[in-house]
Amino acid sequence: VPKIAGQDAKYIASALTAYRSGDRKFPTMRSIAASLSDQDIADIAAYYAQLGKPDETVPAALAKPVPDKLRTSLATCVSCHGANFSTPTDGTIPRLAGQYADYLEIALKSYKVEGNPHFGRANPVMGAMAKPLKDETIAEIADYLGTLPGDVRTVPQAKFK
């Protein structure tokens, strides 16, 4: 499960719409998104985008340099996700810095999946980026990105209301 508080509303709406249409395949999210109207998606996206904004802005430069062995693999990622992996060039592109490493690993692997009706993501750009990566490299990328400061958060909700 990803951290979604602090992601751009356009990204959250894009992701929910992709689950609803089946371009993103995950049974739980598909069933949730299938019941949502366009207005529901817009409202949910707006809510999570503003939730838990950090007090400080994320540094524009990388707080932790890219490890030498990942430099080639991550070189093209910055063109869409930003130099600090937290300033995407378009609202439909997610912030990666500070995301849970295990989520990033599963997400990257899902772009490599083809022909599975229950799992995978149909994004041709990310598919082209992820397919050549070895699983070990994907894990290292996910671990690195997870250690960077970012805008995404998990905001605990009160247990009792």
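Computed from a predicted model, the values in this text were never measured in an experiment. (Residues numbered from 1 in each chain as written. Predicted model: local features only at pLDDT ≥ 70, side-chain atom pairs only at ≥ 80, totals over all residues. Heavy atoms only, no water.)

**A word on empty space enclosed by the protein**
Item 1. Tallied over the full model, the rule gives one cavity of 30 Å³ or more.
Item 2. Estimated volume of the largest cavity: approximately 30 Å³.
Item 3. Residue lining of the largest cavity: Val-58, Pro-59, Ala-61, Leu-62, Ala-63, Asn-84, Leu-148 and Pro-149, and that is the complete set.
Item 4. Across the lining of the largest cavity, the residue classes break down as seven nonpolar, one polar and no charged. (1 Å grid on protein atoms, 1.4 Å probe; cavity = no way out; pocket = protein on both sides within 12 Å on 5 of 7 lines; lining within 4 Å. Points joined across faces, edges and corners; volume = space filled by probe spheres on them. Nonpolar A, V, L, I, M, F, W, Y, C, P; charged D, E, K, R; others polar.)

**Quick word on the pattern of salt bridges**
Oppositely charged side chains may form a pair once their charged atoms are brought near each other.
Item 1. Counted under the stated rule, the structure contains seven salt bridges.
Item 2. In this structure, Asp-38 and Arg-20 form a salt bridge, with 2.6 Å as the shortest nitrogen-oxygen distance. Of this pair, Asp-38 sits in helix 3 (residues 38-50) while Arg-20 sits in helix 1 (residues 9-21), and the two are 18 residues apart along the sequence.
Item 3. Arg-20 gets classed as partly exposed once you look at its relative accessible area, which sits at 25%.
Item 4. The partner of Arg-71 in a salt bridge is Asp-68, with the nearest N and O atoms 2.7 Å apart. (Salt bridge = Lys/Arg side-chain N within 4 Å of Asp/Glu carboxyl O. Helix = DSSP H or I, 4+ residues; strand = E, 2+ residues; numbered from the N terminus. Buried < 20%, exposed > 50% of the residue type's maximum accessible area, 1.4 Å probe, protein only.)

**Brief notes about the nonpolar core**
Item 1. Counting residues in hydrophobic clusters, the biggest one holds 17 residues, and the most contacted among them are Leu-70, Leu-74, Phe-85, Ile-141, Tyr-144, Leu-145 and Leu-148.
Item 2. Elements represented by at least two residues in this core include exactly helix 6 (101-110) and helix 8 (135-147).
Item 3. A per-element tally of this core places helix 8 first, with five residues.
Item 4. Filtering out sequence-adjacent residues up to four positions away, Phe-85 remains in contact with Leu-62, Leu-74, Cys-77, Val-78, Arg-95, Leu-96, Ala-97, Tyr-144, Leu-145 and Leu-148. (Core = buried A, V, L, I, M, F, W, Y, C linked by side-chain atoms within 4.5 Å. Contact = heavy atoms within 4.5 Å.)

**Some words on the packing of helix 6 against helix 8**
Item 1. Contact geometry of helix 6 with helix 8 gives a least axis separation of 8 Å together with a crossing angle of 140°. Considering the angle they form, helix 6 stands oblique to helix 8. Every pair of crossing elements has a handedness; the one defined by helix 6 and helix 8 is right-handed. Between helix 6, through Ala-101, Leu-104, Glu-105, Leu-108 and Lys-109, and helix 8, the contact on the second element is made entirely by Asp-135, Ile-138, Ala-139, Ile-141, Ala-142, Asp-143, Leu-145 and Gly-146.
Item 2. Of the residues that constitute the contact of helix 6 with helix 8, the class distribution is eight nonpolar, one polar and four charged. (Axes fitted to C-alpha atoms, helices over the stretch in contact; angles between N-to-C directions. Parallel < 35°, antiparallel > 145°, perpendicular 65-115°, else oblique. Left-handed = near helix turned anticlockwise from the far one by under 90°.)

**A closer look at the side chain of Asp-151**
Item 1. In this fold, Asp-151 is placed in the segment after helix 8.
Item 2. When residues no more than four places from it in sequence are discounted, the contact partners of Asp-151 are Ala-5, Gly-6, Pro-54, Val-58, Ser-86, Arg-95 and Ala-97.

**Looking at the packing of aromatic side chains**
Item 1. The tally for this structure, following the rule as stated, stands at two aromatic pairs.
Item 2. For the pair Tyr-47 and Tyr-48, a centre-to-centre distance of 5.1 Å together with 80° between the ring planes defines the contact as edge-to-face.
Item 3. On the basis of relative accessible area, Tyr-47 is assigned to the partly exposed category, the value being 38%.
Item 4. By relative accessible area, which is 28% here, Tyr-48 ends up partly exposed.
Item 5. Plain terms: the ring middles of Phe-85 and Tyr-144 are 6.5 Å apart, the flat faces sit at 90° to each other, and that makes the pair edge-to-face. Of the two residues, Phe-85 is situated in the loop between helix 5 (78-81) and helix 6 and Tyr-144 in helix 8; the sequence distance between them amounts to 59 residues. Across the pair, Tyr-144 and Phe-85 agree in class, each one buried.
Item 6. A cation over a ring is seen here: Lys-3 above Tyr-100, with NZ or CZ 4.7 Å from the ring centre. (Phe/Tyr/Trp six-rings, centres within 6.5 Å; stacked < 30°, edge-to-face > 60°. Lys NZ or Arg CZ within 6 Å of the ring centre and 35° of its normal.)

None of the figures reported here should be taken as evidence of function without further support.
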